[in-house]
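What follows is the residue order along each chain.
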Amino acid sequence: MDESQVAQIVEKQVLTVAKAVEDKIDEEIAALDRLDLDDLEALRERRLQQMKKMAEKRSKWVSLGHGEYTEIGEKEFFAAVKASERVVCHFYRENWPCKVMDKHLAILAKQHMETRFLKVHAEKSPFLTEKLRIVVLPTLALVKNAKVDDYVVGFDELGGSDGFSTEVLEERLARAKVIFLEGEGSRPANTSAAKRSVRQSDANSSDSD
């Protein structure tokens, strides 16, 4: 098959795709044309109600501390997870791997209003650490509806080193359905921030408690 034949095939495929897109747009325009004033008013009212509901929800999230990465004590943990439907809680100690996790979680807390992001000093919270069977630090407890649903232990699921991007952690949390990549509460990530890697300086990727 010579180059001219290849070019003709590619051109045909491009035209086919373009026609499909054009047909889809025509369908949507036709559907809008069929709407009368009552239909448009109903759509507008429904949209306004959705916006109002979301504004109320965001206001509640802000009052609960969503949008910030907050440290809490052992006694505050249970009240916090009961108040918010989705919680990511970082059990940490003062070491490099936990500081790496801190930087990523601080970014994600601002991008995902739908979830509360917390940190608990494991060594100062022996009862809670034992109850949740926290051994390796850092560990993220992923809480939904007041129950620990999943854990991210160390960096093994994030590439095995401290060089992982915020985006990798974000995708892991989304798989656990403790955050949403699109839609309710989430904001488009700043590309440079989301893909920024935090490099190791002088410590291993995770540390046993």
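Residues numbered from 1 in each chain as written. Predicted model: local features only at pLDDT ≥ 70, side-chain atom pairs only at ≥ 80, totals over all residues. Heavy atoms only, no water.

Participant: How do you make sense of the pattern of salt bridges when you look at a structure like this?
Facilitator: When the charged atoms of two side chains with opposite charge come close together, those side chains can pair. Under the criterion given, the structure shown has 7 salt bridges. The salt bridge partner of Lys 110 is Glu 68, with a shortest N-O separation of 3.6 Å. A residue pair is termed long-range when its members are at least 10 positions apart, and Lys 110 in helix α4 (residues 96-111) and Glu 68 in the loop between α2 (37-63) and β1 (69-71) qualify at 42 residues. For Lys 110, a relative accessible area of 44% gives the class partly exposed. We classify Glu 68 as partly exposed; its relative accessible area is 45%. With a closest N to O distance of 3.4 Å, Glu 85 and Arg 86 form a salt bridge. Here Glu 85 falls in the partly exposed class, since its relative accessible area comes to 47%. What makes Arg 86 buried here is its relative accessible area of 6%. Salt bridges linked by common partners bring Asp 150, Glu 157 and Arg 172 together as one network. (Salt bridge = Lys/Arg side-chain N within 4 Å of Asp/Glu carboxyl O. Helix = DSSP H or I, 4+ residues; strand = E, 2+ residues; numbered from the N terminus. Buried < 20%, exposed > 50% of the residue type's maximum accessible area, 1.4 Å probe, protein only.)

Participant: I would appreciate a short explanation of a nonpolar patch on the surface in the present structure.
Facilitator: Taken together, the side chains of Val 17, Val 21, Ile 25 and Ile 29 make up a nonpolar region of the molecular surface, amounting to roughly 340 Å² of accessible area. Residue position: Ile 25 is located in helix α1 (residues 3-34). (Patch = residues over 30% accessible without salt bridge, like charges linked within 9 Å, V, L, I, M, F, W, Y side chains within 5 Å. Areas by Shrake-Rupley, 256 points an atom, 1.4 Å probe, with all protein chains shown as cover.)

Participant: Sorry if this is basic, but what is going on with the environment of Ser 161 here?
Facilitator: You can see Ser 161 is positioned in the loop between β6 (147-153) and α6 (166-175). Residue class for Ser 161 comes out partly exposed when judged on its relative accessible area of 34%. Put simply, Ser 161 and Pro 97 are 64 residues apart on the chain and 9.2 Å apart in space, counted from C-alpha to C-alpha.

Everything listed is a geometric property; what it means functionally is a separate question.
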